[in-house]
Each structure stands twice: as C-alpha cells, then as structure tokens.
Amino acid sequence: MSEHFFNRLEDELNSSRNKHLFREVRLYPECRINLCSNDYFQLRHDPRVITGAKEACEKYGTGSGASPLLSGFLPCHQSLLDQLKKWKHKSFGMLFNAGFLANQAVLKHLPCKNDLILADKLIHHSMAQALTQGSARFKRYHHLDLDHLQELLDAHCDEYETIFVVTESVFSMDGDYPDLKKLVELKKQYSFILILDEAHGTGVFGATGAGLAEEMQVQDQVDIIIGTLGKSLASMGAYVLSNSSTVINYLVNRAGEFIYSTFLSPAQVGSAEIALGILKSAETDRKYLREIAINFRKTMKLKVQKGTPIVPILIGDPVKTLELRNTLLQQGIMVGAIRPPTVPPQTSRLRISLHTGVNRQTLEELEGILEPWITP
Ligand SMILES: Cc1ncc(COP(=O)(O)O)c(C=O)c1O
C-alpha cells in the first residue's frame, strides 16, 4: 500500500488528536458502577435471560447458519417477532442484525427520489448517515421543534409525492423526547409517514414498557416503529414493525442489510424474548428508574423530562469532559464522555445512563463529584 495513503489517514487522525477528539477502543478498569451502558434494567446478567440464551442455543445451535431468506429464519426468530408485534401493536414486522442496519434499511430503501424526508436535527447517526445515501431529498428541523417541522410541511407538502417524518422517541445523547401527540396531530393534517426509533424508549416508557408511543397512547398512529434488542432487551439485533404488509414485504425484497447477512444467532433472540417478557411486567423497576432519574435531574438542575434515564451533563470543552470522566473512573464510576462529532461542536458532555442497579448512595456520591457542574 502506498505511503501517500497511510500519510493521508495519519494526517486526518492527527487532526482529531490535536482537537482532543481522537477515539480509541480500550478496556477500562473494573468499575464499581457502570453508568455508561444502555442496559437500563440490568437484564444482561439476569439468570432467566441467560437461560433463554442457553436454551435457544441448545435447541437451534450457536449460529443461525444462513441469511434469513435462505434457512437462517428459525422458529426462535418467529417467536420473538410475534412477541414484538403484540407488544408494539403492529401486525407485520421483521428482524435485523442491528438497529444501525434497520435504520439504514428503512431510510435508504423506502423513500424514493420524488419524496422528502423531514428529520429532527439530532437523530442518531444510523439514520443521519442513511439520509445522505438514499435517493430522497431531506431537510432537518430544529431539535424537537414541531413548529419548525410544521413550517417545513407547509412550505413543501405539495412538492413531493410522499413526505416522511423521522424522529427518535428518547434522544440518545440528550434524554429528551418529542411531543408525540402533537406529532400525530400534524400527521392528520399533512398525512406524512411517521417513522419512530424507540431504541431508548423501549422498556423505560409505557404501561407495559412498549415505549414512548405506548406512554403517549399513539402506538397505532406511528407508521413504522424501529427498535433495537441491544438496550433494555439486553441482547443484540433489531426490529422494524408496521401495520402495512407492503412496507415489510418491500424491505424483505429490497433491503440488502436484511437479505445478504447471516441472521441473528438463536442466543440473541432467545435472550431478548425472555427479557421482553420480564420488561412487560417490570412496573416496579420502571417506577424506580424514573424516580431516581427525576431526583438526579432535579439535583443537577436539569429539566425532569419524565425521568428518562439518559442524563447529559454539559461541559462544552472536550479536554475537561475527558478529565471529569477520568476523575469519576478513579472513583470506580464509569460514565460516557461524548464529544463531537457524536454531539454538536462545543457540546461535549458526560452522558450518564442510570439503571435499576443504581442506589441512592451512588447518586449522592455522583452528585457530590458533579456539584461544580450543576447548571446555575
Ligand atoms: C437512537 C438509536 N438508534 C439506533 C441505534 C443503533 O442500534 P444498535 O446498537 O442495535 O445498532 C442506537 C445505538 O446506539 C441508538 O441510540
């Protein structure tokens, strides 16, 4: 390989290093408490979930053995899919190997060149990247600003065949969420296709943990729900659900992300199905999670946000963010240090993900360390 090639890569990496934005995969020391994972109900180590994985593995093997349209789709996949459809009130659905791939597939393949996608400014990279790769035009509305969305709808609704509106339910880096009821009202007025990524709402919101759409009683009005198995469901993989068989058939026939990849392993779906059953009746844990999140947010003088477990502590400067993360690490507390380009410039932050294993004592300790960073 040519020297020029390596030099180009190194130059770009050095530029990231100089701005303190270089990323690396590393092993962190054993921590007392991990506030950096999306396992909000601590189900990854739950013996029932582990048994679910083992049983599926023993019955169907360590891998699915093939892509889903060959022989990779097994009874364990069907069983999980049926449970997901029931939970999220949708008649049709499909599984994907990751939420990233599901978002890519939906946004790259469903809208076409005569369509417009209107997406929240802060949607996850898996969706943002797909916007630039598909054939549809797209515009971003200000984060959570449904008045701005309406302005864009007013300005463009007659120019395109179909308009898609795309948002997360609970935003992954800010822990805030859109007014889904208002969004659904807009949908009645402008008849767009509403796509909702429930990655971080699932488990946490709704009477049965089905997500923010369940909590806001709009499940039936969301056209396409996407979710991952990798967060509250304690596994890995994803799903796309809809009441339209056409949408799902289209993706099954067109989405290379689904067609040309070895399907999820039986252990992944076996564990997720057991976790789903646990989450459905986890009202007490859901209440506890919200309670600690609300209290923590109040102490940090942040908006309560219905008690979403993702709590961003805005620092701004990437160096200070890393220093504070390291201070917490030395105390045995692991939190995320999130820097651009994952978040906008000058908004480096600690991202604290609360979970049901966090007790009040830990929160008090954390609040003590973070006191200088409490918003005035
Ligand atoms: C909002 C959102 N959507 C999608 C994904 C991707 O999901 P997965 O981890 O299953 O690829 C993530 C992961 O961080 C996310 O936060």
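Residues numbered from 1 in each chain as written. Predicted model: local features only at pLDDT ≥ 70, side-chain atom pairs only at ≥ 80, totals over all residues. Heavy atoms only, no water.

A. Quick look at the sheet that holds strand E2 (residues 92-96). Spatially, E2-E8-E7-E6-E5-E3-E4 is the arrangement adopted by the seven strands of the open sheet, whose pairing is mixed. In this open sheet, the two strands that pair with only one neighbour each are E2 and strand E4 (137-141). Taken over all neighbouring pairs, the strand axes of this sheet differ in orientation by 20° on average, direction set aside. Direction of pairing for strand E7 (residues 224-228) relative to strand E8 (residues 238-242): antiparallel, over a ladder of five bridges. (Pairing = 2+ DSSP bridges. Helix = DSSP H or I, 4+ residues; strand = E, 2+ residues; numbered from the N terminus. Axes fitted to C-alpha atoms, helices over the stretch in contact; angles between N-to-C directions.)

B. Spatial organisation of the domain arrangement of the protein chain. Examined at the domain level, the protein chain breaks down into domain 1 (47-280) and domain 2 (283-373). For domain 1 and domain 2, the distance between their C-alpha centroids amounts to 26 Å. Listed by partner, the interface residues are 21 residues for domain 1 and 17 residues for domain 2. Of the roughly 1,500 Å² buried where domain 1 meets domain 2, counting both sides, 55% is carbon and sulfur surface. When the buried area of domain 1 at its contact with domain 2 is split by residue, Met173, Tyr177 and Val204 rank highest and sum to 39% of it. Along the contact surface separating domain 1 from domain 2 lie two salt bridges. (Domains from an automatic or database assignment. Contact = heavy atoms within 4.5 Å. Buried area = accessible area lost by both parts, 1.4 Å probe. Salt bridge = Lys/Arg side-chain N within 4 Å of Asp/Glu carboxyl O.)

C. Spotlight on the side chain of aspartate 120. Mapped onto the secondary structure, aspartate 120 falls in strand E3 (residues 116-120). Buried charge aspartate 120 goes without a salt bridge, the closest partner of opposite sign being arginine 140 at 6.4 Å. Within the structure, the side chain of aspartate 120 is placed 2.8 Å from the backbone nitrogen of leucine 122, a separation counted as a polar contact. When residues no more than four places from it in sequence are discounted, the contact partners of aspartate 120 are Arg140, Tyr141, His142, His143, Leu144, Val166, Thr167 and Phe171. (Buried < 20%, exposed > 50% of the residue type's maximum accessible area, 1.4 Å probe, protein only. Lys, Arg positive; Asp, Glu negative; His and termini not counted. Polar contact = N/O pair within 3.5 Å; in protein donor to acceptor, adjacent residues only side chain to side chain.)

D. Structural context of helix H12 (residues 266-280). Counted at 1.5 Å a residue, the expected span for H12 with its 15 residues is 21 Å, and the 21 Å between its end C-alpha atoms agrees. Among the residues making up H12, those that are buried are Pro266, Gln268, Val269, Gly270, Ser271, Ala272, Ala275, Leu276, Ile278 and Leu279. The elements touched by buried residues of H12 are helix H2 (47-60), helix H4 (75-87), E2 and helix H13 (283-299). (Expected span 1.5 Å × (residues − 1).)

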